[in-house]
Amino acid sequence: MCGVIPIKPSWVKYKSILFTVLTVFITALFCGCNEGPWYFSNKEVKEYLEEKYPDSGVQFKRFSLNVWNCWFPELPDAVFQVEVKASGGDPVPVYHNHLSSNADLVIWRYYLDHYRDQGGSLDAWDITQLLSGETYITLEYESMEEIRKAAEQLRTFYDWTEGKPYTNCLESGRFCFSPSRFPWTVEKTLYKGGTWDGFFQGPEDSLEDIIDQCSREIQKYYSFYNIPCPDFTGGEMSAYAAENLDWQTLEGLPNIKKDGEPFSPETFSGIGVFPRYGIVSYGGLYQMLLRLGFEVEGTPEHFSVTGADGAEYEFSYDFCYEMEFDSKLYPTVTVWYFLRNGLRVQRTEKPYWWETGPVLSLTDYQWVPKEGGSRSLEHIITWLTGLRFDYKRP
């Protein structure tokens, strides 16, 4: 049989190819653009934990390759993990391997769960845990009742944690004002829901301060749209407007002129305005027209008036429609309009905040339809009031 050449089975050939591919992949993964060791010893983990949590007596045990289960003697059930992470890559595409702990996330979640297991209530809050391990507690509120209930619950929870170990890991609750009737913030123009803006309540925050801050958002909203507020009396709303809506001191408001001469902004003090965008609501416009001496028929929520240009205008918070919007997240948006000589003045292009809500811009031009189907770009607020609002120049 000396002249016979041995032939390797086909599976041996494929196994060799597979081994080569895996070797190249592993080499690229751990040695290509990553700096530092990809494998850490128990000794290195111990040094990391002792440096990060000095004098804590933290314990650990290897769970898997580059993952260790850890716990503090005072909280043996709050098992967190240390594992190898890679960071960097911006702007240089090089990553650095290092040890990372999720103790803060685990202990925060541990206290939330333990508190509720013992009968503590946080039912006013939405508690969301992400796949990353982060846990958020949020409240989308509309009323003072919701604010007080949630704030008091969270305050009771923080009081319960006093004297317990590692309470520095406690997070804050987030209050997000989320009115259902009209849009308010830029985000809420496109959907009815909460945003990541708002106010935070942490262990160090005063209960009354948080309630006061949130309540001001409610007052701001109802003042802006000039509609009755179920949580505050007319006198309380007037006091808020006098304190916070002084047009002579508000920053970002445009200059006002009438017949080319300066016009005192004091005339409109107390009227809700959004200086950042230079807009007033239909209800705010109602107040402006009354103070300018126009004969306005109706209420802030639905009124008609003959403008300075002699045209007939009609505004209503009920004048709105659903518009298709080019977005997977926001397939439709609510858009408001008003009537001029019976013709609908509305936005047809992709809307911005100041183009969708029941508001009128003090400075921007707007397309106005005319008889016969034509339209022109006009400064509507000037046609309507006889005043000129211009951005302030440095």
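Let us look at the structure shown here. (Residues numbered from 1 in each chain as written. Predicted model: local features only at pLDDT ≥ 70, side-chain atom pairs only at ≥ 80, totals over all residues. Heavy atoms only, no water.)

1. Observations regarding the environment of L253
Where we set the bar: To qualify as a helix, a DSSP run of H or I must reach at least 4 residues; to qualify as a strand, a run of E must reach at least 2; elements of each kind are numbered from the N terminus.
Examined against the element boundaries, L253 turns out to sit in the loop between helix 6 (234-244) and strand 10 (255-258). Placed 138 residues apart in sequence, L253 and Y391 show a C-alpha to C-alpha distance of 7.5 Å.

2. Considerations on the packing of helix 3 (residues 103-117) against helix 4 (residues 144-161)
The geometry of a pair of packed helices is captured by two quantities: the angle between their axes and the separation between those axes. Here is the rule: Whenever a helix is involved, its axis is fitted only over the stretch in contact; in every case the axis is a line through C-alpha atoms, and angles between N-to-C directions fall within 0 to 180 degrees. An angle below 35 degrees is read as roughly parallel, one above 145 as roughly antiparallel, one from 65 to 115 as roughly perpendicular, and any other as oblique. Residues are treated as being in contact if the distance between any of their heavy atoms lies within 4.5 Å.
Contact geometry for helix 3 and helix 4: axes closest at 11 Å, N-to-C directions at 105°. Accordingly, the angle class assigned to the pair helix 3 and helix 4 is roughly perpendicular. On helix 4, the residues that touch W108, Y111, L112, H114 and Y115 of helix 3 are Q153, T156, F157 and W160.

3. Section: helix 3
Here is the rule: In a helix, the anticipated span is given by 1.5 Å times the number of residues less one. Buried residues are those whose accessible area, probed at 1.4 Å on protein chains only, stays under 20% of the maximum for their type, while exposed residues exceed 50% and partly exposed ones sit between those limits.
Taking 1.5 Å of rise per residue, 15 residues should cover 21 Å, and helix 3 covers 21 Å from first to last C-alpha, within 8% of that figure. All of the buried residues in helix 3 are A103, I107, W108, R109, Y110, Y111, L112 and Y115. Positive phi shows up at G119, right after helix 3, with a value of about 105°.

4. Digging into the pairing of strand 6 (residues 126-129)
Put simply, the test is: Strand pairing is assigned whenever DSSP identifies at least 2 bridges connecting the two strands.
In terms of strand pairing, strand 6 meets strand 7 (residues 135-141) through 4 bridges, oriented antiparallel. Considered in strand 7, the bridge of Q129 is made with T135. Taken together, strand 6 and the strand that follows it, strand 7, pair antiparallel across an intervening segment of 5 residues, in which G133 is found at a positive phi of about 100°.

5. A word on the sheet that holds strand 7
The strands that make up a sheet pair up through hydrogen bonds in the backbone, lying either parallel or antiparallel. Pairing in this open sheet of 4 strands is mixed, and the strands run 6-7-8-9 from one edge to the other. In the strand order of this sheet, the two ends are held by strand 6 and strand 9 (199-201), each with one partner. Each strand of the sheet is rotated relative to its neighbour by a mean of 30°, with strand direction disregarded. Packed onto the sheet, helix 3 meets strand 6 and strand 7 and runs at close to 65° relative to strand 7.

6. Re the sheet that holds strand 23 (residues 387-390)
The sheet built from 3 strands is open, its strands ordered 11-10-23 with antiparallel pairing. Looking along the sheet, the strands with just one partner apiece sit at the ends: strand 11 (261-262) and strand 23. Inspection of the sheet shows strand 10 paired to strand 11 by 2 bridges, in the antiparallel sense. Bridging across to strand 11, K257 finds its partner in P262.

7. Observations concerning the pairing of strand 14 (residues 302-306)
Burial of the side chains of strand 14 is restricted to one face: F303 and V305 are buried, whereas none of H302, S304 and T306 on the reverse face is. Inspection of the sheet shows strand 13 (residues 297-299) paired to strand 14 by 3 bridges, in the antiparallel sense. Within strand 14, the residue paired with E297 across the bridge is S304. Here strand 13 hands over to strand 14 after 2 residues, the two strands then running antiparallel side by side.

8. What to know about the environment of Y111
Among the structural elements, Y111 can be located in helix 3. Along the backbone, Y111 and C169 are 58 residues apart, and their C-alpha atoms lie at a distance of 9.5 Å. Once residues within four sequence positions are removed from consideration, Y111 is found in contact with L75, F157, W160, K164, P165, Y166, T167 and L170.

9. Some points on a negative patch on the surface
To keep things clear, this is the line we draw: A patch consists of residues exposed above 30% relative accessible area that lack any salt bridge, with like charges linked at up to 9 Å and nonpolar side chains (Val, Leu, Ile, Met, Phe, Trp, Tyr) linked at up to 5 Å. In these tables, accessible area is a Shrake-Rupley quantity obtained with a 1.4 Å probe, and a residue counts as shielded only by the protein chains included in the view. What makes a salt bridge here is a side-chain nitrogen of Lys or Arg within 4 Å of a carboxyl oxygen of Asp or Glu, nothing more. Only four residue types enter the tally: Lys and Arg on the positive side, Asp and Glu on the negative side; His and the chain ends are excluded. Charge positions come from single atoms, namely NZ of Lys, CZ of Arg, CG of Asp or CD of Glu.
On the surface, E44, E47, E50 and E51 cluster together to form a negatively charged patch. Here E47 shows up in helix 2 (residues 42-52). In this structure E47 comes out as partly exposed when scored by relative accessible area, which is 44%.

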